[in-house]
Amino acid sequence: MTNGIPYATALEQYEPKAERPLPDQEMSGEELRRAYHPDHYADSIVELNVGTNKGDACHRQLADILQADARIDEADLAGAPIVETDVLVIGGGGAGCAAALTASRGGASVILATKLRIGDSNTVMAEGGIQASIEKDDTPQMHYDDTLKGGHQNVNKDLVAKLVMNGPDVVRWLIQQGMQFDLDKYGDLLTRRAGGTSADRIVYYRDYTGLEMMRVLQEAVRTSRIDVWDYSPAVELLSDELGHCAGAVISSLEDNRYKLIKAKSVIIATGGIGRLHLNKFPTSNHFGATGDGLVLAYRLGARLQDVDSFQYHPSGLAYPQHLAGTLITEAVRSAGAYLLNGNGDRFIEELQPRDQVAAAILRECAEGRGVTVDGGGQGIWLDTPGVELREPGIFDARFPKLIELGKKSNIDPRKQPLLIYPTLHYQNGGVVIDENCQSSVPGLYCVGEVCGGIHGRNRLMGNALLEIIAFGRIAGNHAMETAPSHKHKKSSIEHLSQLRRELTLANMPMDKQGPALFPSYAKFENDSDYGGLHKTTQVES
């Protein structure tokens, strides 16, 4: 039985109040993180035994898939159809769409291959908004400083500078594509503040900014010359005689065939790894977030960084249990919602950086001040009734998605607090890239959550949606402009021989295959079982 205060008891004791004092803090942010943040859990970090980052620290579960054997060998590709293109984009979220649109509009032939359908991605899960320095009392320098501080200075400063300087133009570009934003009565963009920042800088559309962004990107891609391959996960990259990236092997889930796409440039935009449920945490990520791009890039020799650092968003829904991990936007705390333990007491300044707030929530639960749920699970209160008390009507006007989540939960957040607990939300590290999104492997670009270096060891709210559009456009443009004029003479998966030699020499198990493609609880035995995501019934003869 988890130590804490039963849900019914804590709810009976709860009383909405407009104002609540914050007690003096006994621990610094760094002390909180080291004592309670999951990145510091004992035995969760191991050293990589093979590959470019051999000897580097990595989360144990991620290390397992980075050091797994491939799903295919040469014999699987005999007779596979071959298609050629200038640019291959792998991933159909916001980053992939921005890259594909930019390359296509520049004149390149583009194939966009996505594991599920275009738009099935973490982009649509993003609720809070986009950071862009557009207010008169804000500057790109302040945005830059906030990002460095939030990431604990562990960032590529050139990438951060490019990120913040692109902010206003990204918002302008999105408006040109047809994206809506919330406006004031004068028609100016409304802004709100993110945790760990020094100015109101988030532009947004209600509490489903990412969904609105994906709506316009999806429409733009579908009406373009881009060749979209749905239900087509990449299972391996191709390399040429020089070791440059030369395309990918696609596993079609609709006709159960492998297909080869030869490309002058490849852009990986496959997102993060939430569905690995690191440290057994629930996740806010979409069903396909299994780190495929990270595995493929590493196997081809791309350098990684900070693969021991992950973001656990403070406000994942903890009750009811069938919705555990569902994201509640940080914008609710930005609007003034307090965090309360089971005794009804505040314990952290709510707009501190996410890693610090998550660690504080975990401390309250570990020390018996959390709220426990029958059947397992625990959390603390997100004091939404207090916000409604101070500003009546705010949830109906600004948080319609939260109201809908309340209906699914049989809880009215205007009258009853929501139980929340940290949810695995974001992969802070990833593939090392330069200012043009090029990895250490020639011909291979990476963009979005699959990359490292931009957010350091803790991402700020709103910087992810900014990143995917800013760097998606940069990657698409550079891949289009610098693609070699000639085709690759040779495209193969010979790099797998080196992988298997390394695995054997390191005495690594060869019974696990990657990339994972889907979480383990999907219970697919092999690629041919997917049948367009509807498991084929296996009939024994």
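Computed from a predicted structure; not experimentally measured.

Residues lying three or four places apart along an α-helix face the same way, a consequence of the helix completing one turn every 3.6 residues. Of all the eight residues making up helix 8 (residues 292-299), eight are buried; the element is thus mostly covered by neighbouring parts of the structure. When helix 8 is considered as a whole, its buried residues turn out to be D292, G293, L294, V295, L296, A297, Y298 and R299. Looking one or two residues past helix 8, G301 carries a phi angle of roughly 110 degrees, positive in sign.

This part covers the packing of helix 5 (residues 140-150) against helix 6 (residues 157-177). Put simply, helix 5 and helix 6 touch, their axes get as near as 9 Å, and they point 135 degrees apart. With respect to their mutual orientation, helix 5 and helix 6 come out oblique. Along this stretch, helix 5 crosses helix 6, giving a crossing that reads as right-handed. Contacts between helix 5 and helix 6 involve P140, H143, Y144, T147 and L148 from the former and K157, V160, A161, V164 and M165 from the latter. Tallied by class, residues from the contact of helix 5 with helix 6 come to seven nonpolar, two polar and one charged.

With that settled, the discussion passes to the side chain of R473. Residue placement: R473 occurs in helix 14 (residues 463-482). With residues near it in sequence (within four places) discarded, R473 still touches A98, T102, D169, V170 and W173.

Here the focus is the side chain of T147. Tracing the backbone through its elements, the reader meets T147 in helix 5. For T147, the side chain forms a polar contact with the main-chain oxygen of H143, separated by 2.9 Å.

On to the environment of D169. The topology assignment puts D169 in helix 6. By relative accessible area, which is 30% here, D169 ends up partly exposed. In sequence terms D169 and D292 are 123 residues apart; their C-alpha atoms lie 30 Å from each other.

Turning to the packing of aromatic side chains, a few remarks are in order. One pass over the full model with this rule turns up eight aromatic pairs. Here the aromatic rings of Y205 and Y208 are separated by 5.6 Å at their centres, their planes lie at 80 degrees, and the arrangement is edge-to-face. For Y205, a relative accessible area of 13% corresponds to the buried category. Residue class for Y208 comes out partly exposed when judged on its relative accessible area of 22%. Aromatic side chains F287 and F518 sit 5.6 Å apart centroid to centroid with 35 degrees between the ring planes, which places their arrangement in the tilted category.

This next bit is on the sheet that holds strand 8 (residues 191-192). Spatial strand order, 7-9-8: three strands in an open sheet with antiparallel pairing. In this open sheet, the two edge strands, each paired with only one partner strand, are strand 7 (130-131) and strand 8.

Quick look at the confidence of the model for the protein chain now. In the predicted model, the protein chain carries a mean pLDDT of 94, and 96% of its residues have values of at least 70. Contacts from residues 535-541, a stretch scored under 50 in pLDDT, to residues over four places away or in other chains number 10 contacts.

Now for the pairing of strand 19 (residues 418-427). Two faces make up the sheet, and in a regular strand the side chains alternate between them. Judged by how many residues are buried, strand 19 sits mostly within the fold: 10 of 10 residues are covered. Where strand 15 (residues 310-317) lies against strand 19, six bridges are found, and the strand directions are antiparallel. Residue L317 lies in a different strand from strand 19, and its bridge partner there is I420. Looking at chain direction, strand 18 (residues 378-383) and strand 19 are connected through three bridges and run antiparallel. Residue pairing in the sheet places I380 in a bridge with I420 of strand 19.

Now for the nonpolar core. Ranked by size, the top nonpolar core spans 137 residues in total, and within it L237 and L444 carry the most contacts. Counting residues per element, this core draws most heavily on helix 14, which supplies nine residues. Other than its neighbours up to four places away in sequence, L444 contacts L237, C245, V266, I268, A297, A302, C437, Q438 and S439. If you look at the next biggest cluster of nonpolar residues, it comprises 20 residues, including Y231, V249, L260 and L503.

What follows deals with helix 15 (residues 495-505). For helix 15, the set of buried residues is H495, L496, L499 and L503. Across the axial projection of helix 15, the buried residues extend over an arc of 100 degrees, all falling on one side. Along helix 15, exposed side chains directed more than 90 degrees from the buried face belong to T504 and L505. Those residues of helix 15 hidden inside the fold are in contact with strand 4 (69-70), strand 11 (234-239) and helix 8. Phi turns positive one or two residues past the end of helix 15, at N507, with a value near 55 degrees.

Take the environment of G393 next. You can see G393 is positioned in the loop between helix 11 (384-390) and helix 12 (394-398). Linking G393 and I118, residues 275 residues apart in sequence, is a C-alpha distance of 35 Å.

With six of its six residues buried, strand 11 lies for the most part within the structure. Between strand 11 and strand 12 (residues 245-252), which pair antiparallel in sequence order, lie five residues; one of them, G243, sits at a positive phi of approximately 85 degrees.

What follows deals with the state of the cysteines. The tally for this structure, following the rule as stated, stands at zero disulfides. The thiol of C446 is unpaired, and the distance to the nearest cysteine sulfur, on C451, comes to 5.2 Å. The class for C446 is buried, based on a relative accessible area of 0%.

Our focus in this paragraph is the pattern of salt bridges. Summed over all chains, the structure comprises 33 salt bridges. The closest approach of N and O atoms between D69 and R500, which form a salt bridge, is 2.8 Å. Of this pair, D69 sits in strand 4 while R500 sits in helix 15, and the two are 431 residues apart along the sequence. A residue is classified by how much of its surface remains accessible, and D69, at 10% relative accessible area, is buried. For R500, a relative accessible area of 24% gives the class partly exposed.

Below, the discussion takes up unusual backbone geometry. A cis amide bond, omega 5 degrees, links Y319 with the succeeding residue P320. Put simply, G514 and P515 share a cis peptide bond, and its omega is 0 degrees. Of note, the phi angle at H152 is positive, near 60 degrees, even though the residue is not glycine. In this fold, H152 is placed in the loop between helix 5 and helix 6. With relative accessibility at 31%, the residue H152 sits in the partly exposed group. Unusually for a residue other than glycine, N256 sits at a positive phi of about 55 degrees. Residue classification places N256 among the partly exposed residues on the basis of a relative accessible area of 42%.

Calculation rules
Residues numbered from 1 in each chain as written. Predicted model: local features only at pLDDT ≥ 70, side-chain atom pairs only at ≥ 80, totals over all residues. Heavy atoms only, no water. Buried < 20%, exposed > 50% of the residue type's maximum accessible area, 1.4 Å probe, protein only. Helix = DSSP H or I, 4+ residues; strand = E, 2+ residues; numbered from the N terminus. Axes fitted to C-alpha atoms, helices over the stretch in contact; angles between N-to-C directions. Parallel < 35°, antiparallel > 145°, perpendicular 65-115°, else oblique. Left-handed = near helix turned anticlockwise from the far one by under 90°. Contact = heavy atoms within 4.5 Å. Nonpolar A, V, L, I, M, F, W, Y, C, P; charged D, E, K, R; others polar. Polar contact = N/O pair within 3.5 Å; in protein donor to acceptor, adjacent residues only side chain to side chain. Phe/Tyr/Trp six-rings, centres within 6.5 Å; stacked < 30°, edge-to-face > 60°. Pairing = 2+ DSSP bridges. pLDDT = per-residue confidence, 0-100. Core = buried A, V, L, I, M, F, W, Y, C linked by side-chain atoms within 4.5 Å. Arc of directions from axis to C-beta. Disulfide = S-S within 2.5 Å. Salt bridge = Lys/Arg side-chain N within 4 Å of Asp/Glu carboxyl O.

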